[in-house]
Amino acid sequence: IAMKQFLLGDDTGLGKTIQSVAALCYLWEKDSDLKAIILTNKSAVGQWSREFDKFTVGVKTILCKGTPKKRAKAYDEFLASEGPTVLIMGYRSAVRDISTIHDLSDYVLIADEATAFKNSKTQVHQTIAHMSKKASRVWALTATLIKNNLMEGWAIYKILVPDLFPSKTQFMNHYCIVRMQSIKGGRRQIPIIVGYRKKDIETFREKIDPFFL
């Protein structure tokens, strides 16, 4: 809990959700007016709500889903609420409503299934990057930090701990073996990852270790 930004990487089924709920309860014992926003896949919004109902007492859970009108009502309820409060929403809702949630601040941001923003070029990544800057704490949850290549880990940690790694190009040059590939129909070339050096993978692990549970 002393860590404000970290990734919880337990395997699927080992209780990342209940650990997050328990950690929030610990924080609420110290600050009962602290608010939290949970971002997750659309299919898991209801599941998170049921976990709070099952394991907590006195926590107000607000589901942000449905039509724009219903989501606007949820935001109003979240702003007006007093005491332990959680707003639960899907990633796409956050993207659609960024102009509404743009000015929210000082909340605990829990990013479930963090691979949702493993690509730094997406709107989801840009939205979560903004929200993480406004949050007082950021917790990311995923059992699969890296599915395909280290650039996914870079993108996730660029949100969690922005200064942990260098720029995307510098990271790729330092941690990956790349070759330049020509784009069909033009002279431009782009870097393609073709492998990794064992020592660089170990360096990556050492870098994220203080921010990985």
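Quick caveat: nothing in here was measured; it's all calculated off a predicted structure. (Residues numbered from 1 in each chain as written. Predicted model: local features only at pLDDT ≥ 70, side-chain atom pairs only at ≥ 80, totals over all residues. Heavy atoms only, no water.)

Some points on the overall build of the chain
A count of helices and strands for the chain gives nine helices and eight strands. Viewed in the frame of its principal axes, the chain has a C-alpha envelope of about 60 × 35 × 30 Å. Counting over 213 residues, the chain shows a buried share of 44%. Counting contacts in the chain only where the partners sit at least 6 residues apart, residues at least 24 apart contribute 70% of the total. Charge separation in the chain, taken as the distance between the mean sites of 32 positive and 21 negative side-chain charges, equals 11 Å. (Helix = DSSP H or I, 4+ residues; strand = E, 2+ residues; numbered from the N terminus. Buried < 20%, exposed > 50% of the residue type's maximum accessible area, 1.4 Å probe, protein only. Contact = heavy atoms within 4.5 Å. Lys, Arg positive; Asp, Glu negative; His and termini not counted. Charge placed at Lys NZ, Arg CZ, Asp CG, Glu CD.)

A short note on the environment of Leu-87
Mapped onto the fold, Leu-87 is located in strand E4 (residues 85-90). Judged by relative accessible area, which is 0%, Leu-87 ranks as buried. In sequence terms Leu-87 and Ile-159 are 72 residues apart; their C-alpha atoms lie 20 Å from each other. Ignoring sequence-local partners within four residues, the contact set of Leu-87 consists of Ala-36, Ile-37, Ile-38, Ile-62, Cys-64, Ala-74, Tyr-75 and Phe-78.

Notes on the packing of aromatic side chains
Any two aromatic rings considered together are summarised by their centre-to-centre distance and by the angle between their planes. Applying the stated criterion across every chain, the model contains nine aromatic pairs. Taking the centre distance of 5.1 Å and the plane angle of 80 degrees together, the rings of Phe-165 and Phe-171 count as edge-to-face. With respect to class, Phe-165 is no different from Phe-171; both count as buried. For the pair Phe-165 and Phe-204, a centre-to-centre distance of 5.4 Å together with 10 degrees between the ring planes defines the contact as stacked. Of this pair, Phe-165 sits in the loop between helix H7 (150-160) and helix H8 (168-175) while Phe-204 sits in helix H9 (residues 198-208), placing them 39 residues apart in sequence. The residues Phe-165 and Phe-204 share a single accessibility class, namely buried. One aromatic cluster is present, formed by Phe-165, Phe-171, Tyr-175 and Phe-204 through successive ring pairs. (Phe/Tyr/Trp six-rings, centres within 6.5 Å; stacked < 30°, edge-to-face > 60°.)

Re helix H3 (residues 68-80)
Note: α-helices contain 3.6 residues per turn, so residues at a spacing of three or four share the same orientation. Spanning 13 residues, H3 covers 18 Å between terminal C-alpha atoms, matching the ideal 18 Å at 1.5 Å per step. Looking only at H3, the buried set comprises Arg-71, Ala-74, Tyr-75 and Phe-78. One face of H3 carries all of its buried residues, which in axial projection span an arc of 100 degrees. Turned more than 90 degrees away from the buried face of H3, the exposed residues are Lys-69, Lys-70, Lys-73, Asp-76 and Ala-80. Tucked into the core, H3 has its buried residues touching strand E2 (35-40), strand E3 (60-64), E4, helix H4 (91-96) and helix H5 (98-101). (Expected span 1.5 Å × (residues − 1). Arc of directions from axis to C-beta.)

A few points about the sheet that holds strand E1 (residues 5-8)
Taking strand neighbours across the sheet as the criterion, the six strands line up as E1-E6-E5-E2-E4-E3 in an open arrangement whose pairing is parallel. On the outer flanks of this sheet lie E1 and E3, each paired with one strand and no other. Neighbour-to-neighbour, the strand axes of this sheet turn through a mean angle of 15 degrees, independent of strand direction. Summarising the sheet, E3 and E4 pair through five bridges and their orientation is parallel. Paired with Ile-62 across the two strands is Leu-87, which belongs to E4. (Pairing = 2+ DSSP bridges. Axes fitted to C-alpha atoms, helices over the stretch in contact; angles between N-to-C directions.)

Section: unusual backbone geometry
Positive phi values are uncommon outside glycine, yet Asp-106 reaches one of about 60 degrees. Its location among the elements puts Asp-106 in the loop between H5 and strand E5 (108-111). Its identity as a non-glycine residue notwithstanding, Glu-113 has a phi of 50 degrees, on the positive side. Here Glu-113 shows up in the loop between E5 and helix H6 (123-134).

Some points on the pattern of salt bridges
This structure, assessed with the given rule, holds six salt bridges. Taking the shortest distance from any N to any O, the salt bridge between Lys-118 and Glu-152 comes out at 3.7 Å. On the criterion of sequence distance, the pair formed by Lys-118 in the loop between E5 and H6 and Glu-152 in helix H7 is long-range, its members being 34 residues apart. Arg-197 serves as the salt-bridge partner of Asp-200, at 2.4 Å between the closest nitrogen and oxygen. With relative accessibility at 2%, the residue Asp-200 sits in the buried group. Since its relative accessible area comes to 30%, Arg-197 is described here as partly exposed. Salt bridges sharing partners connect three or more residues here, namely Arg-197, Lys-199 and Asp-200. (Salt bridge = Lys/Arg side-chain N within 4 Å of Asp/Glu carboxyl O.)

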